[in-house]
Amino acid sequence: MSSPLFDQKELADKLINEHKLSLREYAFLIENRTQESSETLREAAVKVRRQIYGDEVYLRGLIEISSYCKNDCLYCGIRKSNRAAERYRLSEEEILSCCREGYALGYRTFVLQGGEDLWFTDERLIPLIEEIKKEFPDCAVTLSLGERSKASYEALFSAGADRYLLRHETADKAHYERLHPSSMSFENRMRCLEELKEIGYQVGCGFMVGSPYQTTETLAEDLKFVETFKPDMCGIGPFVPHRNTPFKDFPQGTAELCCFLLSVLRLISPSLLLPSTTALGTIDPNGREKGILAGANVVMPNLSPTEVRKKYELYDNKICTGEESAQCRDCLERRIRSIGYRVVTSRGDVKK
Ligand code: 5AD
Ligand code: FES
């Protein structure tokens with residue numbers, strides 16, 4: 001009789017106490033999860049989150065500045081090969097007016113996110129960032145604009161950008177290569193993340209849950225990567241197929257696994273900024289509440305102009321594309337309050 005390799009209860013205790021496991025242990029924890037083990041981890045995650053962040057949930061205003069993209073990621077609805085995608089880019093004035101509206105709604109972090117759009121050169125981004133920081137000195141600026149050179153990251157940081165989100169997408173090189181065209185490389189992705197950290201940004205990485213070809217082993221590598229890279233933030237959300245991509249027929253990820261991983265990430269890194277994502281809210285009407293209850297502590301309501309929202313369609317059926325900014329702000333506040341938490345209008349920096 002062979003005895004089980006590991007015991008779920010022991011692994012949970014080890015993770016709770018030591019904040020790390022071996023690759024094989026992470027894989028076992030995921031592969032053999034039960035309702036009971038998920039609940040143990042969820043309770044422990046909520047407890048450590050409460051010790052650090054109390055009942056506070058941070059708000060980030062997400063401004064989707066461009067749907068042009070020179071890349072061709074196989075999962076993404078705004079990949080360049082999607083000829084059916086309607087493209088737009090916001091002007092500096094439009095972006096500033098989103099920030100003004102956001103400021104009035106209580107946002108103190110603006111996330112400028114977009115495809116890899118060559119129009120947004122350093123020469124255009126620097127004055128924009130400077131202007132936002134000048135008009136809203138008490139706000140943080142987060143960039144999520146993909147892979148750029150180190151010199152560019154440095155210039156944008158000098159202009160005042162505080163944080164940078166660049167999901168690593170998967171920490172397994174072979175898996176990375178199945179999700180991206182050969183023009184993109186795993187090494188460059190990792191180089192960007194290292195450089196962003198070196199420069200002094202608060203850095204966010206992240207990955208999709210249930211992406212095509214993902215396995216328990218690749219997820220274990222993602223967890224190990226977060227454990228060793230020590231990002232300030234980590235964005236995870238379910239993969240959701242987009243009808244005009246090569247991955248249109250793959251199944252979507254599950255809210256259950258996504259929430260399980262949110263709890264594990266919270267235990268690996270108790271102070272991590274963990275968003276409960278729009279993708280999670282898209283596959284489950286209560287997904288974002290479930291994410292908070294599993295250990296997430298950030299929500300990112302949409303602050304983009306209503307006219308462009310449908311065009312920033314990374315995956316099918318994305319929620320919040322018909323809403324006004326104020327509606328999203330209020331909707332999320334209500335949802336968070338209904339589960340016993342409180343949205344706060346501070347910058348929401350990572351607590352170290
Ligand atoms: N499903 C879920 N998430 C997606 N992203 C891109 N396409 C999809 C999709 N089809 C995520 C990627 C990217 C982030 C901005 O959105 O992880 O880094
Ligand atoms: Fe946009 Fe609920 S957050 S409508």
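One structure accompanies this document, and this report is about it. Small disclaimer: the values here were computed from a predicted structure and weren't measured.

Analysis parameters
- Residues numbered from 1 in each chain as written.
- Chains lettered and ligands numbered in written order.
- Predicted model: local features only at pLDDT ≥ 70, side-chain atom pairs only at ≥ 80, totals over all residues.
- Heavy atoms only, no water.
- Near = heavy atom within 4 Å.
- Polar contact = N/O pair within 3.5 Å; in protein donor to acceptor, adjacent residues only side chain to side chain.
- Areas by Shrake-Rupley, 256 points an atom, 1.4 Å probe, with all protein chains shown as cover.
- Nonpolar A, V, L, I, M, F, W, Y, C, P; charged D, E, K, R; others polar.
- Core = buried A, V, L, I, M, F, W, Y, C linked by side-chain atoms within 4.5 Å.
- Buried < 20%, exposed > 50% of the residue type's maximum accessible area, 1.4 Å probe, protein only.
- Helix = DSSP H or I, 4+ residues; strand = E, 2+ residues; numbered from the N terminus.
- Contact = heavy atoms within 4.5 Å.
- Patch = residues over 30% accessible without salt bridge, like charges linked within 9 Å, V, L, I, M, F, W, Y side chains within 5 Å.
- Salt bridge = Lys/Arg side-chain N within 4 Å of Asp/Glu carboxyl O.
- Lys, Arg positive; Asp, Glu negative; His and termini not counted.
- Charge placed at Lys NZ, Arg CZ, Asp CG, Glu CD.
- Axes fitted to C-alpha atoms, helices over the stretch in contact; angles between N-to-C directions.
- Left-handed = near helix turned anticlockwise from the far one by under 90°.
- Phe/Tyr/Trp six-rings, centres within 6.5 Å; stacked < 30°, edge-to-face > 60°.
- Lys NZ or Arg CZ within 6 Å of the ring centre and 35° of its normal.

**Description of the site of ligand 1**
Logical step 1: Close contacts around ligand 1 come from Tyr75, Cys76, Arg167, Glu169, Met208, Pro238, Phe239, Val240, Leu314 and Tyr315, and that covers them all.
Logical step 2: In the environment of ligand 1, an oxygen atom lies 2.5 Å from a nitrogen or oxygen atom belonging to the side chain of glutamate 169.
Logical step 3: Residue valine 240 places a main-chain N or O atom 2.7 Å away from a nitrogen atom belonging to ligand 1.
Logical step 4: In isolation ligand 1 exposes 410 Å². Once the protein is present, 87% of that is buried.
Logical step 5: Broken down by class, the residue content of the shell around ligand 1 amounts to eight nonpolar, no polar and two charged.

**Points about the nonpolar core**
Logical step 1: Membership of the largest hydrophobic core comes to 105 residues, with the highest contact counts inside it found for Ile132, Leu143, Tyr201 and Leu261.
Logical step 2: Looking at which element gives the most residues to this core, the answer is helix α10 (residues 255-268), with eleven residues.
Logical step 3: Discounting chain neighbours no more than four positions away, the residues touching leucine 143 are Leu112, Ile129, Leu156, Ala161, Arg163, Tyr164, Leu165 and Tyr201.
Logical step 4: By size, the runner-up hydrophobic cluster in this structure holds eleven residues, among which are Tyr58, Leu165, Leu273 and Met300.

**Side note on unusual backbone geometry**
Logical step 1: Although it is not a glycine, tyrosine 213 adopts a positive phi angle of roughly 70°.
Logical step 2: Mapped onto the elements, tyrosine 213 comes out in the loop between β6 (202-209) and α9 (216-229).
Logical step 3: Judged by relative accessible area, which is 36%, tyrosine 213 ranks as partly exposed.
Logical step 4: Even without being glycine, asparagine 317 reaches a positive phi, approximately 65°.
Logical step 5: Structurally, asparagine 317 is set in the loop between β8 (298-299) and α13 (325-338).

**Structural notes on a negative patch on the surface**
Logical step 1: A cluster of acidic residues, Glu94, Glu101, Glu307, Glu323 and Glu324, forms a negative patch at the surface.
Logical step 2: Relative to the helices and strands, glutamate 307 resides in the loop between β8 and α13.

**With respect to the packing of helix α6 (residues 150-158) against helix α8 (residues 186-199)**
Logical step 1: Interaxial distance between α6 and α8 falls to 10 Å at its minimum, and their mutual angle equals 35°. Pair α6 / α8 crosses with right-handed handedness. Contacts from Lys150, Tyr153, Glu154 and Phe157 of α6 reach α8 at Arg191, Cys192, Glu195, Leu196, Glu198 and Ile199.
Logical step 2: For the contact of α6 with α8, the residue count by class is five nonpolar, no polar and five charged.

**Some details on the packing of aromatic side chains**
Logical step 1: A complete count under the given rule lists 14 aromatic pairs for this structure.
Logical step 2: An angle of 70° between the planes, with centres 5.4 Å apart, marks the rings of tyrosine 213 and phenylalanine 250 as edge-to-face. Here tyrosine 213 is found in the loop between β6 and α9, whereas its partner phenylalanine 250 is found in the loop between β7 (233-238) and α10, with 37 residues between them in sequence.
Logical step 3: A network of ring pairs unites the aromatic residues Tyr153, Phe157, Tyr164 and Tyr201 as a single cluster.
Logical step 4: Directly above the ring of tyrosine 68 sits arginine 89, whose terminal nitrogen or CZ lies 4.3 Å from the centroid.
Logical step 5: The ring of tryptophan 119 is capped by arginine 124, whose NZ or CZ atom sits 4.0 Å from the centre of that ring.

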